[in-house]
Amino acid sequence: TGDLSLTAGNGTIGTAAVPFSYTIGGRLLAVSAGTDAYLKAVGHDMVVGRVFAQGLASLHAPDGDIIGYLPGVSVSAFDARLVANGNIGANGNPFEVQLNKAGNLTGSAGLSAYVYAPTITGQPTAILNVDGFTAQSASLSSDGDLTLDNVSTSLGDLTAAAGQDLKVINTS
């Protein structure tokens, strides 16, 4: 029942083919990768404090949910891929991401996804580009622009909220 922190100064944690897989009874406190971070929680929910990656932050919870336990942004990266067998975030407690304005959010939730891109004090207005995301239902929001491309919900429930421009390219 321990917690886990990981640091790869200028390097990568895991790979796309072989992510860093872990089984712990605690939380993923802090992850910092100079390039990409590929993380997989095995046999339990992925309970995230902070994940930072200069490139891609890939979080995979094949046996549960992906949830943030600290207030504020849980993932800060150029791009993010979130894949959970269960939920991503929760109603009233969305999973918060801060991505590069040219970066994309991709992934899937076996159940529901609640993802929010807040504007951080002293930084430019948040932008969230969602390109390739599936869930039974999804609530995707950004304090700034929100772009949805290749977003699908199997139960048809999709909520999109943008503080500025909302662009829908392809949803189903």
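Just so you know, these numbers come straight off a predicted model, no measurement behind them.

Calculation notes
- Residues numbered from 1 in each chain as written.
- Predicted model: local features only at pLDDT ≥ 70, side-chain atom pairs only at ≥ 80, totals over all residues.
- Heavy atoms only, no water.
- Helix = DSSP H or I, 4+ residues; strand = E, 2+ residues; numbered from the N terminus.
- Rg over C-alpha atoms; globule rule 2.2 N^0.38 Å.
- Buried < 20%, exposed > 50% of the residue type's maximum accessible area, 1.4 Å probe, protein only.
- Contact = heavy atoms within 4.5 Å.
- Lys, Arg positive; Asp, Glu negative; His and termini not counted.
- Charge placed at Lys NZ, Arg CZ, Asp CG, Glu CD.
- Core = buried A, V, L, I, M, F, W, Y, C linked by side-chain atoms within 4.5 Å.
- Phe/Tyr/Trp six-rings, centres within 6.5 Å; stacked < 30°, edge-to-face > 60°.
- Lys NZ or Arg CZ within 6 Å of the ring centre and 35° of its normal.

Undergrad: Would you mind going over the overall build of the protein with me for this structure?
TA: Broken down by element type, the protein carries zero helices and 13 strands. Taken from the N to the C terminus, the helices and strands of the protein come in the order β-β-β-β-β-β-β-β-β-β-β-β-β. Rg of the C-alpha trace for the protein: 15 Å, near the compact-globule value of 16 Å for 172 residues, within the 12% margin. For the protein, with 172 residues in total, the buried portion stands at 42%. Across the protein, every contact between residues at least 6 apart in sequence was considered, and the portion connecting residues at least 24 apart equals 34%. Once the 6 positive and 13 negative side-chain charges of the protein are each reduced to a mean point, those two points are 6 Å apart.

Undergrad: Looking at this model, I keep getting lost on the environment of Thr23. Mind explaining?
TA: For Thr23, the location among the structural elements is in the loop between strand 2 (20-22) and strand 3 (28-33). Counting along the chain gives 22 residues from Thr23 to Asp45, while the straight-line C-alpha distance between them is 9.7 Å. In contact with Thr23, not counting residues within four places along its chain, are Val42 and His44.

Undergrad: Explain the nonpolar core to me, please; I cannot follow it from the model alone.
TA: Generally speaking, nonpolar side chains in soluble globular proteins are found buried as a group. Ranked by size, the top nonpolar core spans 43 residues in total, and within it Leu59, Ile66 and Ile88 carry the most contacts. It is strand 5 (residues 46-61) that contributes the most residues to this core, seven residues altogether. Beyond its immediate chain neighbours, meaning those up to four positions away, Leu59 contacts Leu39, Met46, Val48, Val51, Ile66, Val75, Arg81, Leu82, Val83 and Phe95.

Undergrad: Looking at this model, I keep getting lost on the packing of aromatic side chains. Mind explaining?
TA: The geometry of an aromatic ring pair is captured by the separation of the ring centres together with the interplanar angle, meaning the angle of the planes. Tallied over the full model, the rule gives zero aromatic pairs. Positioned above the aromatic ring of Tyr69, the side-chain terminus of Arg27 is 4.3 Å from the ring centre.

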